[in-house]
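A look at the structure
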Amino acid sequence: MRLDRFLSNMGVCTRADAKRQARAGNITVGGAVVRDASMHIDPSADVVVYCGERVAYEEYTYIMLNKPDGVLSSTDDGDGPTVIDLLPENLRRRGLFPCGRLDKNTLGLLIITNNGALAHDLLSPSKHVEKTYRFECASPLSDSDAELLRRGVDIGEKSPTKEALLSLTSSTGGVITVYEGKFHQIKRMFAAVGNKITYLERISFGGIKLDASLCRGEWRYLTKDEIASLENRK
Ligand code: URA
């Protein structure tokens, strides 16, 4: 990989900065000053020091974001601010994208990564990765409607929704876990029983729980254990 690309991917600086700092003699590779930022390095073996700081190599980045209302879960900001805009500038250069989507008005846990293979796996319908949401709905949910939602309802797809877990915390609120990820799935499920979702927050995804210390719009890196637990689902 080119040295300037490596530094940019690690979020250290732009490629133009890398070129400038290399010319100024502020970058070393394996202890030797490198003045040409287009030089090829082996990121996993070479020791790169930028302006006196060792640059550690991480192949992939994994982030947990507490998505606020009104922000799009996409990388393209054509229709307004995206979750990527909530990250600091150095991270926006790493090719990150949200692993799955939440609606603009859905809150809570979003995993953001640049590990395409892992994201593909977690989103694959065959993996049945669980997603848990706290919800509020417009009308009281009867026992029979709750049971229908658990067993599966017709949301206009080829087959009804798969079995879900649902528990009520009030007549109009509760927690639901689904093992598939159809477009607007929870809203369409509630619509199928003549109700309407008025609040939706994802609190868990693939066994990773939303960190309660993160305010809306805040993010943190996933821990090693969290990354391992996602990878071990493969
Ligand atoms: N189901 C929905 O209806 N919306 C979301 O954002 C996520 C799940």
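Attention in this report is confined to the structure presented alongside it. (Residues numbered from 1 in each chain as written. Predicted model: local features only at pLDDT ≥ 70, side-chain atom pairs only at ≥ 80, totals over all residues. Heavy atoms only, no water.)

A tally of helices and strands in the protein chain yields seven helices and 13 strands. Against the 2.2 N^0.38 benchmark of 17 Å for 234 residues, the protein chain shows a C-alpha radius of gyration of 22 Å, more extended than a compact globule. Based on the C-alpha atoms only, the size of the protein chain along its principal axes is roughly 70 × 35 × 30 Å. The burial tally for the protein chain puts 45% of its 234 residues in the buried class. Across the protein chain, contacts joining residues at least 24 apart in sequence account for 65% of those joining residues at least 6 apart. Accessible surface, the protein chain as shown: approximately 12,000 Å² in total, 49% of it carbon and sulfur. (Helix = DSSP H or I, 4+ residues; strand = E, 2+ residues; numbered from the N terminus. Rg over C-alpha atoms; globule rule 2.2 N^0.38 Å. Buried < 20%, exposed > 50% of the residue type's maximum accessible area, 1.4 Å probe, protein only. Contact = heavy atoms within 4.5 Å. Areas by Shrake-Rupley, 256 points an atom, 1.4 Å probe, with all protein chains shown as cover.)

Moving on: the site of the ligand. In the vicinity of the ligand, the contacting residues are Leu102, Asp103, Thr106, Tyr133, His184, Gln185, Ile186, Lys187 and Leu200. Between the ligand and Ile186 there is a distance of 3.1 Å, counted from a nitrogen atom to a backbone nitrogen or oxygen. In the complex, the protein chains occlude 96% of the 230 Å² of accessible area that the ligand would expose alone. In this structure, the ligand is accommodated by the largest pocket. Per-element accounting of the shell around the ligand gives the leading share, three residues, to helix H6 (residues 185–192). Taken together, the residues that form the shell around the ligand break down as four nonpolar, three polar and two charged. (Near = heavy atom within 4 Å. Polar contact = N/O pair within 3.5 Å; in protein donor to acceptor, adjacent residues only side chain to side chain. 1 Å grid on protein atoms, 1.4 Å probe; cavity = no way out; pocket = protein on both sides within 12 Å on 5 of 7 lines; lining within 4 Å. Sits in = over half its atoms within 2 Å of the grid points. Nonpolar A, V, L, I, M, F, W, Y, C, P; charged D, E, K, R; others polar.)

Our next topic: the pairing of strand E7 (residues 107–113). Counting buried positions along E7 yields seven of seven residues, so the element is predominantly enclosed. Pairing geometry for strand E6 (residues 97–98) and E7, over two bridges, is antiparallel. Note on E7: the bridge partner recorded for Pro98 is Ile112. By the bridge criterion, two bridges tie E7 to strand E11 (residues 197–205) in an arrangement that is parallel. Within the sheet, the bridge partner assigned to Gly108 lies in E11 and is Arg202. (Pairing = 2+ DSSP bridges.)

If you trace the four strands from one edge of the open sheet to the other, you get E2-E1-E3-E4, paired in antiparallel fashion. Among the strands making up the open sheet, the edge pair consists of strand E2 (32–33) and strand E4 (53–55). Alignment of strand E1 (residues 27–29) against strand E3 (residues 48–50), held across three bridges, turns out to be antiparallel. If you follow Thr28 over to E3, its bridge partner there is Val49.

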